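Each chain, letter by letter, is given below.
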Amino acid sequence: MVLDPQVRALLEDVARLNLPPTHTLSPKEARDYMRARPVESGPEVAAAENRTIVGPGGPIPIRMYRPFDTGLLPALLWFHGGGMVLGDLDRADATARHLCIRSGCVVVSVDYRLAPEHKFPAAPNDCYAATKWAAENANSLQIDQNRIAVGGDSAGGNLAAVVALMARDMAGPTLVHQLLVYPMSDYNFDTKSYLENADDYSLTRDTMKWFWDHYLAKEQDATNPYAAPLRASNLEDLPPALVITA
């Protein structure tokens, strides 16, 4: 396979770190390795504010980014990647800043509960609660209640798609868009892409199994569309989605 030069450079940078495969580590070890890597800096925003909101399982930390635009602004609830096991607000900071500046949206980055300490459905419940909070507090947050979107990368893409399903099934809030960046959408390790890209490209098939094993509380959860949104049998009345694959 001919790799894009930027992708090749990234894979070479990762290889030079000589990190052990994620699936051979404990969740704590994997998090320690991730936190030891330098954090990318993003562009300046008008304001970045840490807050804590009430969630179904306790407080949910969030970070709100406001662009230099003024007035009533659209909002994007952003859910970070990390296989439901890794990731935090700091690791998502640069991406959230770029999204804020380039879209003109208020970005609300959500630090949902992670597995295996908090298995499914803790993460989607937190993300849905944060989305409801943003809609219910739109006026005080100076965001347009009629222009709220959800988005995320990898595991966060899964959560964005799931929140869209939950918002439809639970009568709100109304969402206008889904931004799904290479979403982790199904529990199925025998697809063509899983088999062709099982190794050599940083995120391996074995590591994906490791993430899912830590995330799901029981085997039956794998068929629940709130865990694996590709299993949803009905996609009516959902907001339009931009799906970015890589």
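Above this note sits the structure.
For the structure given in this document, a descriptive report is provided here. Bear in mind the structure is a predicted one, so any value in this text is a computation, not a measurement. Per chain, the residues get numbers from 1 upward, laid out in the order the sequence is written. Reporting of local features is limited, given that this is a predicted model, to residues whose pLDDT is at least 70; pairs of side-chain atoms are given and counted only at 80 or more, and all residues count toward the totals for whole chains, interfaces and linings. No hydrogens and no water enter the side-chain calculation; it runs on all heavy atoms of the structure.

Moving on, we come to the state of the cysteines. Only a pair of cysteine sulfur atoms within 2.5 Å qualifies as a disulfide here. Tallied over the full model, the rule gives zero disulfides. Lacking any disulfide linkage, C100 is separated from the closest cysteine sulfur, that of C105, by 8.0 Å. With a relative accessible area of 0%, C100 lands in the buried category. Burial classification: accessible surface area is computed with a 1.4 Å probe over protein chains only, and a residue below 20% of its type maximum counts as buried, one above 50% as exposed, and the rest as partly exposed.

Cis rather than trans, the peptide bond between F120 and P121 has omega equal to 10°. Topologically, P121 is positioned in the loop between β4 (106-110) and α4 (122-136). Put simply, G172 and P173 share a cis peptide bond, and its omega is 5°. Even without a glycine there, the phi angle at N18 is positive, about 55°. Segments assigned H or I by DSSP are reported as helices when at least four residues long, segments assigned E as strands when at least two residues long, and all are numbered from the N terminus. Assignment of secondary structure puts N18 in the loop between α1 (5-17) and α2 (27-36). Taking relative accessible area as the criterion, N18 reaches 66% and is therefore assigned exposed. Despite not being glycine, D237 shows a phi value in the positive range, around 60°.

Moving on: the environment of G156. Mapped onto the elements, G156 comes out in helix α6 (residues 155-169). Taking the relative accessible area as the measure of exposure, G156 reaches 0% and is therefore buried. The sequence separation of G156 and G81 amounts to 75 residues, and the corresponding C-alpha distance is 4.7 Å. In this view, G156 contacts F79, H80, G81 and G151; residues no more than four positions away in its chain are not counted. For this analysis, residues touch if any pair of their heavy atoms sits within 4.5 Å.

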